[in-house]
Amino acid sequence: MTLQGKVAIVTGGAQGIGRQIALTLANAGADVVISDVQKAGAEETATQVTALGRRSLALQVDVTSSTEVEGMVRTTVDRMGRLDILVCNAGITRDTLLIRMKEDDWNRVLDVNLKGAFLCMKAAAPILSKQRGGRIIAIASVVAVLGNVGQANYAASKAGLIGLTKTVAREYASRGITVNAVAPGFIDTAMTRALSEKVREELLRRIPLGRLGTPEDVAAAVRFLASDAAGYLTGQVIHVNGGMYM
Ligand code: NAD
């Protein structure tokens, strides 16, 4: 499953799952561009990728800006020579019950999680298409299929991301581009550390494998989808959730 000679972009790569995806792809041989709104975190991930002997670049990019996203793809091709793998990982939560959810909570989460992935796919697809091959991997969530109290905006954004993934998979299959999603369950990162102890205990009861997932668990699935071994998989959702959803 070597990714030697491939160039990847990971959005939201400054921390958490995105950082681990960047390191796992680098360990498999890829050069990795880290993009994130957080400059310092992106630079730290890029330093860690470089320490693995791969080329890297940290770019400060807000995925909700088409100008910045187009610049990200252009800079990647200019500086790294090509683009093979796009991982749409940037995401946020603004949890609250429907009744209390402000229009701005809805708009912001949909903007980052769904429009952000749309803009990245739209900017990268022509490059992958010209090369007649490539991989697009979106990071969805188990709540896209289960729903979750307090996450109407987030669950809708991730369900939308799965629809986007399947559609782009159909549109680009003839160009040799595969488009898939990885849907993590509850992964131990800053996002879930924000949950109360009570909520975390309740969650654990719902996970047959009896533990939260790790960023490594998610990154392993991304690495597989990015590899030649996954060449006959497209429009799929790989669930990495300890059996929470079967
Ligand atoms: P995280 O908050 O640790 O990391 C998210 C990253 O995205 C941060 O570095 C943040 O700066 C970046 N980001 C936020 N808004 C951005 C924007 N507008 N443009 C560019 N970058 C932006 O979260 P995480 O747990 O590592 O989650 C990574 C992805 O995995 C997200 O899409 C999340 O929805 C998804 N996910 C996480 C879990 C979990 O349990 N942690 C479960 C399912 C899905």
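Here, the structure is the one placed above.
Residues numbered from 1 in each chain as written. Predicted model: local features only at pLDDT ≥ 70, side-chain atom pairs only at ≥ 80, totals over all residues. Heavy atoms only, no water.

Visitor: Before we go on, may I ask you to explain a nonpolar patch on the surface in this structure?
Guide: A contiguous nonpolar patch, built from Leu 97, Ile 99 and Val 149 and spanning about 350 Å² of accessible area, is present on the exposed surface. Within the secondary structure, Leu 97 is located in the loop between β4 (85-88) and α4 (103-131). (Patch = residues over 30% accessible without salt bridge, like charges linked within 9 Å, V, L, I, M, F, W, Y side chains within 5 Å. Areas by Shrake-Rupley, 256 points an atom, 1.4 Å probe, with all protein chains shown as cover. Salt bridge = Lys/Arg side-chain N within 4 Å of Asp/Glu carboxyl O. Helix = DSSP H or I, 4+ residues; strand = E, 2+ residues; numbered from the N terminus.)

Visitor: Is there a simple way to explain the site of the ligand in this structure?
Guide: Every one of the 29 residues lining the ligand counts as a neighbour, but Gln 15, Asp 36, Asn 89, Tyr 154 and Thr 189 are closest to it. Take Ile 17: an N or O atom from its main chain is 2.8 Å from an oxygen atom of the ligand. In the model, an oxygen atom of the ligand is placed 2.5 Å from a nitrogen or oxygen of the Tyr 154 side chain. Contact with the protein chains hides 94% of the accessible area of the ligand, taken as 830 Å² for the molecule alone. Elements with a contribution of two residues or more to the shell around the ligand: α1 (16-27), α4, α6 (152-172) and α7 (190-193). (Near = heavy atom within 4 Å. Polar contact = N/O pair within 3.5 Å; in protein donor to acceptor, adjacent residues only side chain to side chain.)

Visitor: How should the packing of α1 against helix α9 (residues 215-226) be read in this particular structure?
Guide: A pair of packed helices can be characterised by two numbers: the angle between their axes and the separation between those axes. Put simply, α1 and α9 touch, their axes get as near as 8 Å, and they point 50 degrees apart. In terms of orientation, α1 lies oblique with respect to α9. Seen from above, α1 lies across α9 with right-handed handedness. Here Gly 16, Ile 17, Gln 20, Ile 21, Thr 24 and Leu 25 of α1 lie close against α9, whose contacting residues are Pro 215, Glu 216, Val 218, Ala 219, Val 222, Arg 223 and Ala 226. Grouping the amino acids of the contact of α1 with α9 by side-chain chemistry returns eight nonpolar, three polar and two charged. (Axes fitted to C-alpha atoms, helices over the stretch in contact; angles between N-to-C directions. Parallel < 35°, antiparallel > 145°, perpendicular 65-115°, else oblique. Left-handed = near helix turned anticlockwise from the far one by under 90°. Contact = heavy atoms within 4.5 Å. Nonpolar A, V, L, I, M, F, W, Y, C, P; charged D, E, K, R; others polar.)

Visitor: Honestly, the sheet that holds strand β3 (residues 56-60) in this entry has me stumped. Any pointers?
Guide: Think of a sheet as strands paired side by side through backbone hydrogen bonds, with each pair either parallel or antiparallel. As summarised here, the arrangement of the seven strands in space is β3-β2-β1-β4-β5-β6-β7, forming an open sheet in which the pairing is parallel. Looking at which strands have only one partner, the edges of the open sheet turn out to be β3 and β7 (237-240). For this sheet, the mean angle separating the axes of adjacent strands, direction not counted, is 15 degrees. Note: strand β1 (residues 7-11) against β4, three bridges, orientation parallel. The residue bridging Ile 9 from the neighbouring strand is Leu 86, located in β4. (Pairing = 2+ DSSP bridges.)

Visitor: Help me understand the nonpolar core, please; the structure alone is not making it clear to me.
Guide: Burial of nonpolar side chains together is a common tendency in soluble globular proteins. Ranked by internal contacts, the top residues of the largest apolar core, which has 36 residues, are Val 69, Met 72, Leu 86 and Met 121. For this core, the secondary-structure elements that each account for two or more residues are β1, β3, α3 (66-80), β4, α4, β5 (134-139), α6 and β6 (177-184). For this core, the element with the highest residue contribution is α4, accounting for eight residues. Those residues within four positions of Met 121 in sequence are excluded, and the remaining contacts are Leu 86, Cys 88, Ile 136, Ala 138, Leu 164, Thr 165 and Val 168. (Core = buried A, V, L, I, M, F, W, Y, C linked by side-chain atoms within 4.5 Å. Buried < 20%, exposed > 50% of the residue type's maximum accessible area, 1.4 Å probe, protein only.)

In short, shape yes, function no, at least from these values alone.
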